[in-house]
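# Geometric and topological summary
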Amino acid sequence: MKPHAHSHSHKRQEMSALTGRLRRQSRKITGPRAAILEMLRRHPHPLTIREILDALPRGQCDLATIYRSMHLLEEMGIVKRFDFGDGAARFELVGENDDGHHHHLVCTKCSEVVEIGECFPGEIEKRIAARNGFKAVTHKLEFFGVCPACQP
Ligand SMILES: [Zn+2]
Ligand SMILES: [Zn+2]
Ligand SMILES: [Zn+2]
């Protein structure tokens, strides 16, 4: 895989920018929504619903509220959903003017996650599209391995 420039960045987003995006789409900044955004903002890797629930102060949000909030934030393009193949959806903040497309390297022993800034060259998707008569071909991909700390 060759490095391939894309617009994804992992710099921490300002809370005011996030709440501004909700407001511009006529969504209220409820207590749970603000708490979830703050949690995601502090966390550089995708979080499961359960991890978000466990990290929030007790009684601030219930599971159903987090599910609904994540669904809304995903629809609004504020979070992106990732799948590490273990049946738990994971969510990460997406910057404004960013499609959030990127990949992760996950340790199979300790679940450490590394953000990966490389992607397949675009010609591969163009070739796959052309050969199969498809349009708008994209991909989802996560990498798995054993991190330095877990190596014997
Ligand atoms: Zn990520
Ligand atoms: Zn590890
Ligand atoms: Zn990619």
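Below you will find a few notes about this structure. Computed from a predicted structure; not experimentally measured. (Residues numbered from 1 in each chain as written. Chains lettered and ligands numbered in written order. Predicted model: local features only at pLDDT ≥ 70, side-chain atom pairs only at ≥ 80, totals over all residues. Heavy atoms only, no water.)

Turning our attention to the overall build of the protein. From N to C terminus, the protein includes five helices and six strands. Taken from N to C terminus, the helices and strands of the protein fall in the order α-α-β-α-α-β-β-β-β-α-β. Across its three principal directions, the C-alpha atoms of the protein cover 50 × 45 × 25 Å. By the burial criterion, 39% of the 152 residues in the protein qualify as buried. (Helix = DSSP H or I, 4+ residues; strand = E, 2+ residues; numbered from the N terminus. Buried < 20%, exposed > 50% of the residue type's maximum accessible area, 1.4 Å probe, protein only.)

We now examine the pattern of salt bridges. Oppositely charged side chains can pair when the atoms bearing their charge come close. If you walk through the whole model with that rule in mind, you get five salt bridges. Measuring nitrogen to oxygen at the nearest pair gives 2.6 Å for the salt bridge that ties Arg-24 to Glu-96. Here Arg-24 is found in helix α1 (residues 15–24), whereas its partner Glu-96 is found in the loop between β3 (89–93) and β4 (103–107), with 72 residues between them in sequence. In this structure, Asp-86 engages Arg-90 in a salt bridge whose closest nitrogen and oxygen atoms are separated by 3.0 Å. Overall, Asp-86 belongs to the partly exposed group, its relative accessible area being 47%. (Salt bridge = Lys/Arg side-chain N within 4 Å of Asp/Glu carboxyl O.)

On to the coordination of the zinc ion (ligand 3), then. Taken together, His-101 (NE2), His-103 (NE2), Cys-119 (SG) and His-139 (NE2) make up the protein donors of the zinc ion (ligand 3), found 1.9 to 2.2 Å from the metal. Considering all four donor atoms around the zinc ion (ligand 3), the spread of angles at the metal, 96 to 123°, places the coordination shape in the tetrahedral class. Between consecutive donors of the zinc ion (ligand 3), the numbers of intervening residues give the motif H-x1-H-x15-C-x19-H. Of the two residues, His-103 is situated in strand β4 and His-139 in the loop between α5 (122–132) and β6 (143–145); the sequence distance between them amounts to 36 residues. On the basis of relative accessibility, which here comes to 1%, the residue His-103 falls in the buried class. For His-139, a relative accessible area of 19% gives the class buried. (Donors = N, O, S within 2.8 Å, 3.2 Å for Na, K, Ca; no water. Tetrahedral: all angles 85-135°; square planar, octahedral: opposite > 155°, others 65-115°.)

One non-glycine residue, Asn-97, lies in the positive phi region at around 60°. Here Asn-97 lies in the loop between β3 and β4. With relative accessibility at 78%, the residue Asn-97 sits in the exposed group. Here Ser-111, not a glycine, exhibits a phi torsion of approximately 70°, which is positive.

Another aspect to go through is the coordination of the zinc ion (ligand 1). Looking at the zinc ion (ligand 1), the protein donor atoms are Glu-92 (OE), Glu-92 (OE), His-102 (NE2), His-104 (NE2), Glu-115 (OE) and Glu-115 (OE), and they sit 1.9 to 2.6 Å from it. Considering all six donor atoms around the zinc ion (ligand 1), the spread of angles at the metal, 55 to 147°, places the coordination shape in the irregular class. Sequence positions of the residues that donate to the zinc ion (ligand 1) give the spacing E-x9-H-x1-H-x10-E. Within this pair, whereas Glu-92 is found in strand β3, its partner His-104 is found in strand β4, the two being separated by 12 residues in sequence. For the pair formed by Glu-92 and His-104, the shared burial category is buried.

Attention now moves to the packing of helix α2 (residues 31–42) against helix α4 (residues 63–75). Two numbers describe how α2 lies on α4: the axes approach to 10 Å, and their chain directions differ by 70°. It follows that α2 is roughly perpendicular to α4 by the angle criterion. Listed contacts from α4 to Pro-32, Arg-33, Ile-36, Leu-37 and Leu-40 of α2 are Thr-65, Ile-66, Ser-69, Met-70, Leu-72 and Leu-73. In terms of residue class, the contact of α2 with α4 is made up of eight nonpolar, two polar and one charged. (Axes fitted to C-alpha atoms, helices over the stretch in contact; angles between N-to-C directions. Parallel < 35°, antiparallel > 145°, perpendicular 65-115°, else oblique. Contact = heavy atoms within 4.5 Å. Nonpolar A, V, L, I, M, F, W, Y, C, P; charged D, E, K, R; others polar.)

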